[in-house]
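Given next are the chains, with one letter for each unit.
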Amino acid sequence: MLSFPDRVTVVDVGPRDGLQSFDRWVETDTKVAMIDRLSEAEFPVIEVTSFAHPGKVPMLRDAEEVVARIHRRPGTVYRALVPNKRGALRAVETDIDEILGLMTVSASYLAKNQNMTLEQAIEAGGACFRVADSAGRDYIMALGMALWCPYEGVIAPEQTLACVAALRRLGVRRYYLAASTGMEEPRQVSTLFRMAHERFPDCEFGFHVHERRGWAAANLLAALDAGVTMVEGSICGIGGGIAFPGDYGSIGNLPTEDIVTFLASMDIGCDVAPDAAVAAARDIGRLIGMRPASRAAHAPEVGDAG
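What counts, and at which threshold
Residue indices follow the written sequence of each chain, beginning from 1 at its first position. pLDDT decides what is reported in this predicted model: residues at 70 or higher carry local features, side-chain atom pairs at 80 or more are listed and counted, and totals for whole chains, interfaces and linings draw on all residues regardless. Hydrogens and water molecules were not included; the side-chain quantities draw on all heavy atoms of the structure. The axes used here are C-alpha line fits, helices contributing only the stretch in contact, and every angle between their N-to-C directions lies in the interval 0 to 180 degrees. Going along the chain from the N terminus, every DSSP run of H or I of four or more residues is numbered as a helix, and every run of E of two or more is numbered as a strand. By definition in this entry, angles of less than 35 degrees are roughly parallel, angles greater than 145 are roughly antiparallel, angles of 65 to 115 are roughly perpendicular, and the rest are oblique. By definition, turning the near helix anticlockwise from the far helix through less than a right angle yields a left-handed crossing, and turning it clockwise yields a right-handed one. Contacts are assigned to residue pairs that have any heavy atoms within 4.5 Å of one another. Classification convention: Asp, Glu, Lys, Arg as charged; Ala, Val, Leu, Ile, Met, Phe, Trp, Tyr, Cys, Pro as nonpolar; all other residues, Gly among them, as polar. Helix span, expected: 1.5 Å multiplied by one less than the number of residues in the helix. Only protein chains enter the accessibility calculation, which uses a 1.4 Å probe; a residue whose area is less than 20% of its type maximum is buried, one above 50% is exposed, and one in between is partly exposed. Polar contacts, as used here, are pairs of N or O atoms within 3.5 Å; protein pairs need one atom able to donate a hydrogen and one able to accept it. Residues neighboring in sequence count only if both atoms are side-chain atoms. Only one rule defines a salt bridge in this text: a Lys or Arg side-chain nitrogen within 4 Å of an Asp or Glu carboxyl oxygen. Take the buried Ala, Val, Leu, Ile, Met, Phe, Trp, Tyr and Cys residues and link them wherever side-chain atoms come within 4.5 Å; each set so joined is a nonpolar core.

All right, on to the packing of helix 9 (residues 216-225) against helix 10 (residues 256-265) then. Viewed as axis vectors pointing N to C, helix 9 and helix 10 meet at an angle of 55°, and their least axial separation amounts to 12 Å. Between helix 9 and helix 10, the interaxial angle falls into the category oblique. Considering how the two elements wind past one another, helix 9 and helix 10 form a crossing that is right-handed. Counted together, A217, L220, L221 and L224 of helix 9 and I259, F262 and L263 of helix 10 form the full contact between these two elements. Along the lines of polarity and charge, the residues of the contact of helix 9 with helix 10 split into seven nonpolar, no polar and no charged.

As structure tokens, this is what we get:
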């Protein structure tokens, strides 16, 4: 029998993960309005920007201005991604609440796309944690390609958990394990999270899921059944593409409004009401000029004919 948590924290990463690879520049005013609309919908955590080098992620080159201008809702955590220590040092000069580190578990991906070894990536994550910790900021580490990589195929759970163990020795206690390619399957997801919770009971694990083969909802269900209580999505399904050969990078984030309505259908509590998430998606879609990629945003509204 499936077993689910009573409550789940739903994190929206649209302003960062969504807009960093958007097909056109989004003005700072629009980014701020987008984040404010997510705050109005009462999302408990919003990933607002990235302190990456402007030359590497030009779509988010206004990170400091965005953080300074958003209207903060009491109870919402505003998070930013940092790719390295330099980015972390920039982030702590702002009043961002939480810092997200990021590395991939795939050594092949690191070598081909970032010219780094796994050991170097772990040390970089530890350096970011120390900057955040010294500044009194919360820190969470995302492990990309925690289950599958186009270069390596299936990632064994031991490979991912070895990275967790190394980062834990450096002080990190909170993680996202990411299904980055959409090629992952539910049994694999369940096995990884059950092993993670058993081996590291003092750590917290969340799930970031991408859609490619229609399996994202099943993977989310498997993660919840394995004890996950933090999940990430992107409003309207914005973003999620990654740098890979061929069409492997042509994937998308699971829309946050679909996650919220999915949880509600199973009576799993979260801080966001389904109608509030759907209304925010429709508004943000109009704001940035795109059609939401979710099912929930296109379902008939109450009172609609037919």
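That covers the picture; the talk isn't over yet.
Taking 1.5 Å of rise per residue, the 14 residues of helix 8 (residues 186-199) would be expected to cover 20 Å, and the 20 Å separating its terminal C-alpha atoms lies within 8% of that figure. All buried positions along helix 8 are accounted for by Q188, V189, S190, L192, F193 and A196. Backbone nitrogen of R187 and a side-chain oxygen of the N-cap are separated by 2.8 Å at the start of helix 8; the cap is E185.

Tallying each qualifying case throughout the model produces 23 salt bridges. In this structure, R79 engages E47 in a salt bridge whose closest nitrogen and oxygen atoms are separated by 3.1 Å. With R79 in strand 3 (residues 77-81) and E47 in strand 2 (residues 45-50), the pair connects residues that are 32 residues apart, well separated along the chain. Given the relative accessible area of 0%, E47 is considered buried. The salt bridge involving R72 is made with D95; its shortest N-O contact spans 3.0 Å. With R72 in the loop between helix 3 (63-69) and strand 3 and D95 in the loop between helix 4 (85-91) and strand 4 (98-104), this residue pair connects regions lying 23 residues apart in the sequence. The class for R72 is partly exposed, based on a relative accessible area of 32%. D95 sits in the partly exposed class, given a relative accessible area of 44%.

A few words on the nonpolar core. In this structure, L143 and F207 are the most contacted members of the largest nonpolar core, which totals 90 residues. The greatest single-element share of this core, amounting to seven residues, is contributed by helix 6 (residues 118-134). Membership of the second largest hydrophobic core comes to nine residues, among which are V11, V45, L81 and M230.

Before going further, it helps to examine the packing of helix 10 against helix 11 (residues 274-288). Each pair of packed helices gets described by two things: the angle between the helix axes and the distance between those axes. Where helix 10 contacts helix 11, the two axes come as close as 9 Å, and the packing angle between them is 165°. When the axis of helix 10 is compared with that of helix 11, the two are roughly antiparallel. Of the two elements, helix 10 crosses helix 11, and the hand of that crossing is left-handed. Two secondary-structure elements touch here, helix 10 through E257, V260, T261 and A264 and helix 11 through P274, A277, V278 and A281. Within the contact of helix 10 with helix 11, the residues separate by chemical class into six nonpolar, one polar and one charged.

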